[in-house]
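# Tertiary structure, described
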Amino acid sequence: MSAIRERTPAIEVCDLHKRYGAVEALRGLDLEVPQGAFFGLLGPNGAGKTTLISVLATLARPSAGRARLLGRDVAAERAAVRRDIGIVFQETALDPALTAREHLDLHARLYHLEDRRRRVAESLALVGLDADADRPVRGFSGGMKRGLEIVRGLLHRPRVLFLDEPTLGLDVAARAAIWRHLRQLHARGDLTIFLTTHSMEEADSLCERIAILDGGRRVAADTPSALKRALGGDVVVLTLARADGADLRLRGVEGVSRVRRETDRDGTTRLQVAVSDGPRRLPALLDAARSFEVLEVTLQRPTLEHVFLHHTGHPFEPAEPR
Ligand code: ATP
(Lines give C-alpha, C1' and ligand atoms only; values in the text may rest on other atoms or scores of the structure.)
Protein backbone atom coordinates (compact mmCIF):
# COMPACT_ATOMS: atom_id res chain seq x y z
CA MET A 1 0.00 0.00 0.00
CA SER A 2 2.68 2.45 1.01
CA ALA A 3 4.68 1.70 -2.16
CA ILE A 4 1.59 2.48 -4.26
CA ARG A 5 1.03 5.68 -2.28
CA GLU A 6 4.58 6.80 -2.94
CA ARG A 7 4.09 6.48 -6.65
CA THR A 8 0.79 8.37 -6.68
CA PRO A 9 1.51 11.96 -7.66
CA ALA A 10 0.34 14.68 -5.27
CA ILE A 11 -1.31 16.40 -8.22
CA GLU A 12 -2.22 15.11 -11.67
CA VAL A 13 -3.95 17.39 -14.13
CA CYS A 14 -5.02 16.10 -17.53
CA ASP A 15 -6.46 18.23 -20.35
CA LEU A 16 -8.11 20.52 -17.81
CA HIS A 17 -10.45 23.28 -18.98
CA LYS A 18 -12.15 25.95 -16.91
CA ARG A 19 -14.51 28.49 -18.42
CA TYR A 20 -16.07 31.49 -16.73
CA GLY A 21 -18.77 32.43 -19.26
CA ALA A 22 -16.92 33.56 -22.34
CA VAL A 23 -13.50 33.53 -20.60
CA GLU A 24 -11.52 30.34 -20.95
CA ALA A 25 -9.18 30.56 -17.95
CA LEU A 26 -7.67 27.06 -18.40
CA ARG A 27 -7.36 25.59 -21.89
CA GLY A 28 -6.31 21.97 -21.83
CA LEU A 29 -3.76 22.03 -19.04
CA ASP A 30 -1.53 19.05 -18.22
CA LEU A 31 0.55 19.00 -15.07
CA GLU A 32 2.05 16.56 -12.60
CA VAL A 33 3.49 17.30 -9.17
CA PRO A 34 5.21 14.50 -7.23
CA GLN A 35 4.47 13.97 -3.54
CA GLY A 36 6.73 15.94 -1.21
CA ALA A 37 7.74 18.42 -3.91
CA PHE A 38 8.12 22.14 -3.42
CA PHE A 39 6.38 23.26 -6.58
CA GLY A 40 6.06 26.76 -8.06
CA LEU A 41 3.46 27.94 -10.56
CA LEU A 42 4.44 31.03 -12.53
CA GLY A 43 2.62 33.02 -15.16
CA PRO A 44 1.62 36.54 -16.18
CA ASN A 45 -1.49 38.20 -14.73
CA GLY A 46 -4.56 36.32 -15.89
CA ALA A 47 -2.62 33.18 -16.88
CA GLY A 48 -4.92 30.95 -14.82
CA LYS A 49 -2.87 30.31 -11.66
CA THR A 50 -5.56 31.17 -9.11
CA THR A 51 -8.13 29.33 -11.21
CA LEU A 52 -6.00 26.18 -11.13
CA ILE A 53 -5.60 26.40 -7.34
CA SER A 54 -9.37 26.91 -7.02
CA VAL A 55 -10.08 23.78 -9.07
CA LEU A 56 -7.49 21.68 -7.22
CA ALA A 57 -8.79 22.91 -3.87
CA THR A 58 -12.37 21.99 -4.91
CA LEU A 59 -13.53 25.62 -4.80
CA ALA A 60 -14.30 25.70 -8.54
CA ARG A 61 -15.48 22.86 -10.76
CA PRO A 62 -13.56 21.96 -13.93
CA SER A 63 -15.49 22.58 -17.18
CA ALA A 64 -13.75 19.60 -18.82
CA GLY A 65 -10.76 17.34 -18.27
CA ARG A 66 -9.57 15.79 -15.03
CA ALA A 67 -7.65 16.77 -11.93
CA ARG A 68 -6.59 14.38 -9.19
CA LEU A 69 -5.13 15.12 -5.80
CA LEU A 70 -3.29 12.20 -4.18
CA GLY A 71 -5.16 9.96 -6.59
CA ARG A 72 -8.62 11.36 -5.83
CA ASP A 73 -10.76 13.15 -8.41
CA VAL A 74 -11.18 16.75 -7.21
CA ALA A 75 -14.68 17.06 -8.69
CA ALA A 76 -16.06 13.68 -7.60
CA GLU A 77 -14.41 13.28 -4.17
CA ARG A 78 -14.52 16.80 -2.83
CA ALA A 79 -14.85 16.06 0.89
CA ALA A 80 -11.93 13.62 0.91
CA VAL A 81 -9.78 16.01 -1.14
CA ARG A 82 -10.58 18.85 1.27
CA ARG A 83 -9.32 16.85 4.24
CA ASP A 84 -5.96 16.44 2.51
CA ILE A 85 -5.34 20.09 1.63
CA GLY A 86 -4.52 23.35 3.33
CA ILE A 87 -4.92 26.65 1.54
CA VAL A 88 -3.62 30.18 2.07
CA PHE A 89 -5.37 32.72 -0.13
CA GLN A 90 -3.89 35.75 -1.87
CA GLU A 91 -6.01 38.11 0.25
CA THR A 92 -5.72 38.01 4.03
CA ALA A 93 -8.62 36.02 5.45
CA LEU A 94 -8.36 36.85 9.15
CA ASP A 95 -10.83 38.51 11.52
CA PRO A 96 -9.07 41.61 12.91
CA ALA A 97 -10.89 41.33 16.26
CA LEU A 98 -9.75 37.76 16.99
CA THR A 99 -6.39 36.86 18.50
CA ALA A 100 -3.91 34.54 16.81
CA ARG A 101 -4.75 31.78 19.29
CA GLU A 102 -8.51 32.22 18.72
CA HIS A 103 -8.04 31.91 14.95
CA LEU A 104 -6.18 28.64 15.34
CA ASP A 105 -8.53 27.34 18.00
CA LEU A 106 -11.54 28.00 15.76
CA HIS A 107 -9.89 26.18 12.88
CA ALA A 108 -9.03 23.23 15.17
CA ARG A 109 -12.68 23.01 16.27
CA LEU A 110 -13.88 23.22 12.68
CA TYR A 111 -11.79 20.15 11.84
CA HIS A 112 -12.70 18.41 15.13
CA LEU A 113 -9.03 18.08 15.97
CA GLU A 114 -8.02 16.26 19.10
CA ASP A 115 -5.25 17.61 21.23
CA ARG A 116 -6.24 21.14 20.23
CA ARG A 117 -4.26 23.09 22.78
CA ARG A 118 -0.99 21.41 22.05
CA ARG A 119 -1.39 21.73 18.28
CA VAL A 120 -2.28 25.41 18.54
CA ALA A 121 0.69 26.12 20.83
CA GLU A 122 3.07 24.24 18.50
CA SER A 123 1.78 26.16 15.50
CA LEU A 124 2.20 29.52 17.20
CA ALA A 125 5.78 28.60 18.13
CA LEU A 126 6.54 27.48 14.58
CA VAL A 127 6.13 31.02 13.26
CA GLY A 128 7.43 32.80 16.36
CA LEU A 129 4.01 34.08 17.47
CA ASP A 130 4.02 32.66 21.02
CA ALA A 131 4.48 36.05 22.65
CA ASP A 132 1.76 37.68 20.50
CA ALA A 133 -0.69 34.78 20.65
CA ASP A 134 -3.31 36.62 22.69
CA ARG A 135 -3.29 39.94 20.83
CA PRO A 136 -6.00 40.75 18.28
CA VAL A 137 -4.53 40.37 14.80
CA ARG A 138 -5.53 43.92 13.87
CA GLY A 139 -2.24 45.00 15.47
CA PHE A 140 -0.16 42.42 13.54
CA SER A 141 2.31 43.24 10.76
CA GLY A 142 1.74 41.79 7.28
CA GLY A 143 4.43 39.16 7.94
CA MET A 144 2.87 38.06 11.25
CA LYS A 145 -0.53 37.71 9.56
CA ARG A 146 0.93 35.65 6.73
CA GLY A 147 2.76 33.40 9.21
CA LEU A 148 -0.49 32.87 11.12
CA GLU A 149 -2.41 32.03 7.93
CA ILE A 150 0.24 29.50 6.91
CA VAL A 151 0.17 27.62 10.22
CA ARG A 152 -3.64 27.79 10.21
CA GLY A 153 -3.59 26.18 6.77
CA LEU A 154 -1.43 23.41 8.22
CA LEU A 155 -3.17 22.85 11.54
CA HIS A 156 -5.18 19.82 10.42
CA ARG A 157 -1.97 18.31 8.98
CA PRO A 158 -2.86 18.39 5.29
CA ARG A 159 -0.63 16.56 2.83
CA VAL A 160 -0.77 19.32 0.21
CA LEU A 161 -0.49 23.02 1.06
CA PHE A 162 -1.60 25.61 -1.52
CA LEU A 163 -0.18 29.11 -1.20
CA ASP A 164 -1.40 31.83 -3.56
CA GLU A 165 1.35 34.48 -3.67
CA PRO A 166 2.41 33.94 -0.06
CA THR A 167 4.78 36.91 0.21
CA LEU A 168 2.85 39.48 -1.83
CA GLY A 169 3.25 42.93 -0.28
CA LEU A 170 5.67 41.85 2.46
CA ASP A 171 8.90 43.71 3.22
CA VAL A 172 12.28 42.02 2.78
CA ALA A 173 12.63 40.83 6.38
CA ALA A 174 9.07 39.48 6.60
CA ARG A 175 9.51 37.71 3.27
CA ALA A 176 12.76 36.12 4.47
CA ALA A 177 10.97 34.89 7.62
CA ILE A 178 8.16 33.31 5.55
CA TRP A 179 10.73 31.65 3.27
CA ARG A 180 12.50 30.26 6.35
CA HIS A 181 9.23 28.81 7.69
CA LEU A 182 8.37 27.27 4.34
CA ARG A 183 11.82 25.70 4.01
CA GLN A 184 11.50 24.22 7.50
CA LEU A 185 8.10 22.77 6.63
CA HIS A 186 9.42 21.30 3.43
CA ALA A 187 12.47 19.82 5.16
CA ARG A 188 10.12 17.55 7.14
CA GLY A 189 9.73 15.70 3.87
CA ASP A 190 6.08 14.59 3.72
CA LEU A 191 4.32 17.83 2.75
CA THR A 192 3.75 18.88 -0.86
CA ILE A 193 3.89 22.67 -1.19
CA PHE A 194 2.28 24.24 -4.25
CA LEU A 195 2.73 27.99 -4.54
CA THR A 196 2.02 30.68 -7.08
CA THR A 197 4.26 33.70 -7.27
CA HIS A 198 5.26 36.61 -9.46
CA SER A 199 8.69 36.69 -7.78
CA MET A 200 11.28 34.84 -9.84
CA GLU A 201 13.65 35.10 -6.88
CA GLU A 202 11.10 33.36 -4.67
CA ALA A 203 10.51 30.57 -7.18
CA ASP A 204 14.22 30.08 -7.82
CA SER A 205 15.14 30.07 -4.19
CA LEU A 206 12.35 27.80 -2.90
CA CYS A 207 11.00 25.58 -5.64
CA GLU A 208 12.43 22.28 -6.86
CA ARG A 209 10.12 22.21 -9.84
CA ILE A 210 8.37 24.95 -11.73
CA ALA A 211 5.63 25.23 -14.33
CA ILE A 212 4.91 28.35 -16.34
CA LEU A 213 1.34 29.04 -17.48
CA ASP A 214 0.38 31.48 -20.18
CA GLY A 215 -3.13 32.00 -21.49
CA GLY A 216 -4.44 28.98 -19.56
CA ARG A 217 -1.85 26.60 -21.02
CA ARG A 218 1.39 25.15 -19.70
CA VAL A 219 4.28 26.59 -21.68
CA ALA A 220 7.17 25.12 -19.66
CA ALA A 221 7.77 22.74 -16.75
CA ASP A 222 11.00 21.46 -15.22
CA THR A 223 13.53 22.19 -12.48
CA PRO A 224 14.73 25.82 -12.37
CA SER A 225 18.25 24.82 -13.38
CA ALA A 226 17.09 22.69 -16.34
CA LEU A 227 14.85 25.51 -17.55
CA LYS A 228 17.78 27.94 -17.42
CA ARG A 229 20.10 25.47 -19.14
CA ALA A 230 17.56 24.93 -21.89
CA LEU A 231 17.77 28.57 -22.90
CA GLY A 232 21.00 27.58 -24.59
CA GLY A 233 23.97 28.99 -22.81
CA ASP A 234 25.52 32.15 -21.53
CA VAL A 235 26.57 35.50 -22.89
CA VAL A 236 30.09 36.86 -22.28
CA VAL A 237 30.32 40.61 -22.84
CA LEU A 238 33.83 41.81 -23.68
CA THR A 239 34.69 45.50 -23.84
CA LEU A 240 37.76 45.95 -26.03
CA ALA A 241 40.13 48.85 -26.72
CA ARG A 242 40.66 47.65 -30.31
CA ALA A 243 38.29 45.37 -32.14
CA ASP A 244 39.36 44.94 -35.76
CA GLY A 245 39.15 41.23 -36.45
CA ALA A 246 38.08 40.37 -32.88
CA ASP A 247 34.69 38.99 -33.97
CA LEU A 248 36.31 36.49 -36.25
CA ARG A 249 38.85 35.37 -33.64
CA LEU A 250 36.15 34.90 -30.99
CA ARG A 251 33.87 33.01 -33.37
CA GLY A 252 36.64 30.44 -33.63
CA VAL A 253 36.56 29.62 -29.91
CA GLU A 254 34.92 26.29 -29.08
CA GLY A 255 31.35 26.61 -27.80
CA VAL A 256 30.72 30.05 -29.35
CA SER A 257 27.51 30.22 -31.37
CA ARG A 258 27.20 33.94 -32.11
CA VAL A 259 29.13 37.20 -31.73
CA ARG A 260 27.38 40.54 -31.82
CA ARG A 261 29.28 43.83 -32.00
CA GLU A 262 28.27 47.22 -30.60
CA THR A 263 30.33 50.37 -30.80
CA ASP A 264 29.83 53.21 -28.33
CA ARG A 265 30.05 56.88 -29.31
CA ASP A 266 33.52 57.08 -27.71
CA GLY A 267 34.71 54.29 -30.02
CA THR A 268 34.77 51.55 -27.39
CA THR A 269 33.69 48.24 -28.81
CA ARG A 270 31.58 45.72 -26.94
CA LEU A 271 31.23 42.18 -28.16
CA GLN A 272 28.39 39.99 -26.95
CA VAL A 273 29.56 36.43 -27.29
CA ALA A 274 26.88 33.72 -26.99
CA VAL A 275 28.63 30.64 -25.65
CA SER A 276 27.72 27.34 -24.04
CA ASP A 277 29.11 26.74 -20.55
CA GLY A 278 30.50 30.29 -20.15
CA PRO A 279 32.58 29.80 -16.98
CA ARG A 280 34.53 26.94 -18.60
CA ARG A 281 35.08 28.82 -21.90
CA LEU A 282 36.09 32.09 -20.28
CA PRO A 283 39.89 31.43 -20.27
CA ALA A 284 39.83 30.53 -23.99
CA LEU A 285 37.75 33.62 -24.80
CA LEU A 286 40.08 35.91 -22.87
CA ASP A 287 43.06 34.30 -24.53
CA ALA A 288 41.56 34.87 -27.99
CA ALA A 289 40.78 38.49 -27.13
CA ARG A 290 44.13 39.28 -25.49
CA SER A 291 45.68 41.15 -28.41
CA PHE A 292 42.59 43.44 -28.59
CA GLU A 293 43.16 44.66 -25.02
CA VAL A 294 40.24 43.59 -22.84
CA LEU A 295 38.99 46.54 -20.75
CA GLU A 296 36.10 44.78 -19.08
CA VAL A 297 34.47 41.37 -19.04
CA THR A 298 31.10 40.22 -17.68
CA LEU A 299 29.48 36.81 -17.75
CA GLN A 300 25.69 36.78 -18.01
CA ARG A 301 23.98 33.52 -17.19
CA PRO A 302 20.27 33.00 -17.93
CA THR A 303 18.13 33.64 -14.89
CA LEU A 304 14.63 32.42 -14.15
CA GLU A 305 13.47 35.85 -15.24
CA HIS A 306 14.96 35.18 -18.69
CA VAL A 307 13.23 31.78 -18.71
CA PHE A 308 9.92 33.39 -17.81
CA LEU A 309 10.23 36.10 -20.45
CA HIS A 310 11.36 33.59 -23.07
CA HIS A 311 8.36 31.32 -22.52
CA THR A 312 5.86 34.14 -22.32
CA GLY A 313 6.96 35.74 -25.56
CA HIS A 314 10.18 37.65 -24.87
CA PRO A 315 13.46 36.06 -26.03
CA PHE A 316 16.61 36.02 -23.84
CA GLU A 317 18.86 39.00 -24.55
CA PRO A 318 21.85 40.07 -22.50
CA ALA A 319 21.13 42.98 -20.19
CA GLU A 320 22.48 46.43 -20.91
CA PRO A 321 25.82 46.89 -19.15
CA ARG A 322 25.51 48.76 -15.86
P1 ATP B 1 -2.93 36.97 -11.32
O2 ATP B 1 -1.48 36.74 -11.49
O3 ATP B 1 -3.34 38.33 -11.79
O4 ATP B 1 -3.48 36.62 -9.96
P5 ATP B 1 -3.91 34.44 -12.41
O6 ATP B 1 -2.86 33.77 -13.21
O7 ATP B 1 -4.13 33.94 -11.03
O8 ATP B 1 -3.67 36.02 -12.41
P9 ATP B 1 -6.72 33.93 -12.79
O10 ATP B 1 -7.13 34.76 -11.62
O11 ATP B 1 -6.81 32.45 -12.63
O12 ATP B 1 -5.25 34.33 -13.27
O13 ATP B 1 -7.59 34.39 -14.04
C14 ATP B 1 -7.56 33.73 -15.29
C15 ATP B 1 -8.61 34.35 -16.20
O16 ATP B 1 -9.91 34.00 -15.72
C17 ATP B 1 -8.58 35.86 -16.25
O18 ATP B 1 -8.94 36.25 -17.55
C19 ATP B 1 -9.63 36.26 -15.24
O20 ATP B 1 -10.17 37.53 -15.57
C21 ATP B 1 -10.67 35.16 -15.42
N22 ATP B 1 -11.42 34.88 -14.16
C23 ATP B 1 -10.90 34.44 -13.00
N24 ATP B 1 -11.87 34.24 -12.08
C25 ATP B 1 -13.03 34.59 -12.69
C26 ATP B 1 -14.41 34.63 -12.27
N27 ATP B 1 -14.78 34.23 -11.06
N28 ATP B 1 -15.31 35.06 -13.18
C29 ATP B 1 -14.97 35.42 -14.43
N30 ATP B 1 -13.69 35.42 -14.88
C31 ATP B 1 -12.73 35.01 -14.03
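Cut-offs and rules
Each residue is numbered by its place in its chain's sequence as written, counting from 1. pLDDT decides what is reported in this predicted model: residues at 70 or higher carry local features, side-chain atom pairs at 80 or more are listed and counted, and totals for whole chains, interfaces and linings draw on all residues regardless. The side-chain quantities take in all heavy atoms of the structure and omit both hydrogens and water. The secondary structure listing takes helices from DSSP runs of H or I that are at least 4 residues long and strands from runs of E that are at least 2 residues long, numbered from the N terminus. Only protein chains enter the accessibility calculation, which uses a 1.4 Å probe. A residue is then buried if its area is under 20% of the maximum for its type, exposed if over 50%, and partly exposed in between. His is not counted here, nor are the chain ends, while Lys and Arg score as positive and Asp and Glu score as negative. Note on charges: their place is set at NZ of Lys, CZ of Arg, CG of Asp or CD of Glu. pLDDT gives the predictor's per-residue confidence on a scale running from 0 to 100. Note on contacts: a residue pair qualifies if any of its non-hydrogen atoms lie within 4.5 Å across the two residues. Domain start and stop points were drawn from an automatic or database domain assignment. Two rings from Phe, Tyr or Trp (for Trp, the six-membered ring) form a pair when their centres are within 6.5 Å of each other. A pair whose planes differ by under 30 degrees is stacked, one over 60 is edge-to-face, and the rest are tilted. Near, as used in this document, describes a residue that has one of its heavy atoms within 4 Å of the molecule or strand being considered. Two N or O atoms count as a polar contact when they lie within 3.5 Å, although within protein this holds only if one can serve as hydrogen donor and the other as acceptor, and sequence-adjacent residues are included solely when both atoms are side-chain atoms. Methods summary: accessible areas were calculated by the Shrake-Rupley approach with a probe of 1.4 Å, and residue burial reflects only the protein chains presented. By the convention adopted, Pro, Cys, Tyr, Trp, Phe, Met, Ile, Leu, Val and Ala count as nonpolar, Lys, Arg, Asp and Glu as charged, and the other residues, Gly among them, as polar. Nine residue types can take part in a nonpolar core, namely buried Ala, Val, Leu, Ile, Met, Phe, Trp, Tyr and Cys, and a core is a set of them joined through side-chain atoms within 4.5 Å. Any two strands are treated as partners once DSSP identifies two or more bridges connecting them. To obtain an axis, a line is fitted to C-alpha atoms, over the contacting stretch when the element is a helix, and the angle between two such axes runs from 0 to 180 degrees between their N-to-C directions. Regarding the arc, it is the one traced by the directions from the helix axis to the C-beta atoms.

### Description of the overall build of the protein chain
Assigned secondary structure in the protein chain consists of 12 helices and 14 strands. Each principal axis of the C-alpha atoms in the protein chain carries an extent, and together these give about 75 × 45 × 45 Å. Across the 322 residues of the protein chain, 48% fall into the buried class. Computed over 48 positive and 44 negative side-chain charges, the inter-centroid distance for the protein chain is 4 Å.

### Quick notes on the confidence of the model for the protein chain
Here the protein chain averages 91 in pLDDT, and 95% of its residues register 70 or above. Segment residues 1-5 is flagged for pLDDT under 50; beyond a separation of four residues in sequence, or across chains, it makes 2 contacts in the model.

### Examining the domain arrangement of the protein chain
Partitioning the protein chain into structural domains gives domain 1 (11-228) and domain 2 (233-301). Between the C-alpha centres of domain 1 and domain 2 the distance comes to 45 Å.

### Some points on unusual backbone geometry
Among all residues except glycine, the phi angle is most often negative; among peptide bonds, the trans geometry is most common. For T58, which is not glycine, the phi torsion reads 70 degrees and is therefore positive. Positionally, T58 belongs in the loop between helix 2 (49-56) and strand 4 (64-69). Residue class for T58 comes out buried when judged on its relative accessible area of 2%. Despite not being glycine, D277 shows a phi value in the positive range, around 50 degrees. Note that D277 resides in the loop between strand 13 (269-275) and helix 11 (278-289). A relative accessible area of 35% places D277 in the partly exposed class.

### Side note on the packing of aromatic side chains
Inspection of every chain in the model, using the stated rule, returns 2 aromatic pairs. Ring pairing ties together the aromatic residues F39, F162 and F194, which thus form one cluster.

### Quick word on the environment of R61
With respect to the helices, strands and loops of the structure, R61 is situated in the loop between helix 2 and strand 4. The exposure class assigned to R61 is partly exposed, which follows from its relative accessible area of 47%. In the structure, R61 is positioned 15 residues away from A76 in sequence and 9.7 Å away in space, judged by C-alpha atoms. With residues near it in sequence (within four places) discarded, R61 still touches K18, A75 and R78.

### Section: the site of the ligand
Around the ligand, a shell composed of 14 residues is seen, among which G46, K49, T50, T51 and H198 lie nearest. One nitrogen or oxygen atom from the main chain of G46 is found 2.8 Å from an oxygen atom belonging to the ligand. Taking 640 Å² as the accessible area of the ligand by itself, protein coverage stands at 61%. Mapped onto the shell around the ligand, the elements with two or more residues apiece are strand 2 (23-33) and helix 2. The leading source of residues in the shell around the ligand is helix 2, at 3 residues. The residue makeup of the shell around the ligand, split by class, is 5 nonpolar, 7 polar and 2 charged.

### Brief notes about the nonpolar core
Membership of the largest hydrophobic core comes to 29 residues, with the highest contact counts inside it found for I11, V13, L52, L69, F162 and F194. Listed in part, the 28 residues of the second largest apolar core include I150, L185, L191 and I193.

### Brief notes about the sheet that holds strand 7 (residues 160-164)
Here we have 6 strands laid out as an open sheet, ordered 6-7-8-3-9-10, and mixed in their pairing. Because the sheet does not close on itself, it has two edges, and the strands there are strand 6 (85-88) and strand 10 (217-222). For this sheet, the mean angle separating the axes of adjacent strands, direction not counted, is 15 degrees. Inspection of the sheet shows strand 6 paired to strand 7 by 4 bridges, in the parallel sense. By the bridge assignment for strand 7, I85 is matched with V160.

### With respect to helix 11
Within helix 11 the residues assigned to the buried category are G278, R281, L285, A288 and A289. The buried side chains of helix 11 occupy one side of the element, clustering within an arc of 80 degrees when seen end-on. The exposed residues of helix 11 that point more than 90 degrees off its buried face are R280 and P283.

### Some remarks on the environment of L94
As for its position among the elements, L94 is in the loop between strand 6 and helix 4 (100-110). Note on L94: relative accessible area 14%, which makes it buried. For the pair formed by L94 and T196, sequence separation is 102 residues and the distance between their alpha carbons is 20 Å. Non-local contacts of L94, meaning those with residues more than four positions away in its chain, are made with H103, V137, K145, L148, E149 and R152.

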